[in-house]
Amino acid sequence: ASTPAPVTSTPAPVASTPAPVASTPAPATSACADKRGAFTINGTSRNWCNWAGKTLTASRCENRDLYAICPVTCNSCPTPAPVAPTLSPVISTLAPVSSPTSGQACCENMNTRMDNMEEAIESLDNSIKEMTVDIDQVKSQMENVGNSVNEILNILQQT
């Protein structure tokens with residue numbers, strides 16, 4: 001019987017050059033979470049976070065001051081500070097952007113719009129004043145009619 005000769009393998013060397021990668025920070029895990037289950041507020045026990053999230057969420061969060069207990073539902077999780085990625089320098093080859101000839105045109109346009117708004121408001125104000133005068137005249141006429149009706153009723157009662 002023949003015994004096979006042992007086989008040894010030697011891997012060929014491989015040169016490895018890693019490709020450059022811009023570092024992107026891993027997303028921060030958030031500790032922001034609603035309290036789970038039922039708990040008591042002012043003598044009432046319920047799952048307050050679910051209750052607040054069903055309808056009228058903003059007012060329920062405010063009225064029951066649920067911001068700290070239900071931060072996800074009440075949209076009150078703290079905002080993490082932004083983390084800037086490390087980037088390699090870039091040489092800009094963009095052409096400069098021309099600016100408007102003057103900022104004066106923009107201001108003049110805004111002033112014109114504001115003047116138009118003031119005129120519209122003044123016109124509405126005048127219309128309201130006219131309506132108020134009309135309403136006062138109608139009130140006066142109604143009082144006169146009421147007085148006349150009372151006089152007629154008095155005359156009828158005397159006869």
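In this text, all values refer to a predicted model and were calculated from it rather than measured experimentally. Per chain, the residues get numbers from 1 upward, laid out in the order the sequence is written. At least 70 in pLDDT is required for a residue's local features to be given in this predicted model, at least 80 for side-chain atom pairs to be given and counted, and no such filter applies to totals for whole chains, interfaces and linings, which use all residues. With hydrogens and water stripped out, all remaining heavy atoms of the structure feed into the side-chain values.

Draft legend 1. Spatial organisation of the overall build of the protein. We count a stretch as a helix when DSSP gives it H or I for four or more residues in a row; a strand needs E for two or more, and each element gets its number in order from the N terminus. The helix and strand tally for the protein stands at three helices and two strands. Helices (α) and strands (β) of the protein occur, in sequence order from the N terminus, as β-β-α-α-α. A simple rule labels every residue: compare its accessible area, found with a 1.4 Å probe on the protein chains alone, to the largest value its type can have, and call it buried under 20%, exposed over 50%, or partly exposed in between. Residues classed as buried in the protein amount to 8% of the 159 residues present. Look at the contacts in the protein between residues 6 or more apart in sequence, and 38% of them connect residues 24 or more apart. For the accessible areas, the method is Shrake-Rupley and the probe is 1.4 Å, while residue cover comes only from the protein chains on display. In the form shown here, the protein has an accessible surface area of approximately 14300 Å², with 58% of it arising from carbon and sulfur atoms. By definition in these notes, contact holds between two residues if any of their heavy atoms fall within 4.5 Å.

Draft legend 2. Examining the confidence of the model for the protein more closely. Put simply, the protein has an average pLDDT of 77, and 67% of its residues get 70 or more. Ranking the elements of the protein by mean pLDDT puts helix 3 (residues 104-158) last, at 87, and helix 1 (residues 48-54) first, at 92. Counted against residues more than four places away or in other chains, residues 14-29, with its pLDDT under 50, gives six contacts. A residue's pLDDT is the confidence the predictor assigns to it, expressed on a 0 to 100 scale.

Draft legend 3. Expanded view of the state of the cysteines. Any cysteine sulfur atom paired with another within 2.5 Å is treated as part of a disulfide. Taken as a whole and judged by the stated rule, the model has three disulfides. By sequence order of its bonded cysteines, the protein has the disulfide arrangement 1-6, 2-4, 3-5.

Draft legend 4. Examining the pattern of salt bridges more closely. Salt bridges are defined by distance alone: a side-chain nitrogen of Lys or Arg within 4 Å of a carboxyl oxygen of Asp or Glu. In the structure shown here, the tally under the stated rule is one salt bridge. Taking the shortest distance from any N to any O, the salt bridge between K129 and D125 comes out at 3.4 Å. Of the two residues, K129 and D125 are both situated in helix 3; the distance of four residues between them amounts to about one turn of the helix.

Draft legend 5. Representation of the side chain of R60. Turning to its location among the elements, R60 is positioned in helix 2 (residues 57-63). For the buried R60, no salt bridge is present, and the opposite-charge side chain at shortest range is E62, 12 Å distant. Pairs of N or O atoms are called polar contacts if they sit within 3.5 Å, as long as, within protein, a hydrogen donor faces a hydrogen acceptor (for residues adjacent in sequence, only side-chain-to-side-chain pairs). Polar contacts involving the side chain of R60 include one to the main-chain carbonyl oxygen of T55, which spans 3.4 Å. Dropping the residues within four chain positions of it, R60 is found in contact with W51, A52, K54, T55, D65 and L66. Think of it this way: Lys and Arg go in the positive column, Asp and Glu in the negative one, and His and the chain ends go nowhere.

Draft legend 6. Layout of the nonpolar core. By size, the foremost hydrophobic cluster in this structure holds ten residues: F39, I41, W48, C49, W51, A52, C61, L66, C70 and C74. Sorting the residues of this core by element identifies strand 1 (39-41) and helix 1 as the ones contributing at least two each. A total of four residues in this core trace back to one element, the largest contributor, which is helix 1. In contact with W51, other than residues within four places in its own chain, are R46, R60, R64 and L66. Think of a nonpolar core as a cluster: buried Ala, Val, Leu, Ile, Met, Phe, Trp, Tyr and Cys residues, connected wherever their side-chain atoms sit within 4.5 Å.

Draft legend 7. Summary view of a nonpolar patch on the surface. On the surface, V145, V149, I152, L153 and L156 cluster together to form a nonpolar patch covering roughly 450 Å² of accessible area. Owing to a relative accessible area of 44%, L153 belongs among the partly exposed residues under this scheme. Candidate patch residues must exceed 30% relative accessible area and have no salt bridge, after which like charges are joined if within 9 Å and Val, Leu, Ile, Met, Phe, Trp or Tyr side chains if within 5 Å.

Draft legend 8. Unusual backbone geometry, seen in detail. Despite not being glycine, N42 shows a phi value in the positive range, around 50°. Note on placement: N42 falls in the loop between strand 1 and strand 2 (44-46). By relative accessible area, which is 72% here, N42 ends up exposed. Not every positive phi belongs to a glycine, and L56 is a case in point at roughly 50°.

Draft legend 9. Expanded view of the packing of aromatic side chains. Any two of the Phe, Tyr and Trp rings considered here, Trp counted by its six-membered ring, make a pair once their centres fall within 6.5 Å; the pair's planes then place it as stacked at under 30 degrees, edge-to-face at over 60, or tilted in between. The tally for this structure, following the rule as stated, stands at one aromatic pair. A cation over a ring is seen here: R46 above W48, with NZ or CZ 4.7 Å from the ring centre. Ring-over charges, as used throughout, are those where CZ of Arg or NZ of Lys falls within 6 Å of the ring centre and within 35 degrees of the ring normal.

Draft legend 10. Highlighting the environment of C77. Structurally, C77 is set in the loop between helix 2 and helix 3. A C-alpha to C-alpha distance of 8.8 Å links C77 and A31, two positions 46 residues apart in sequence.

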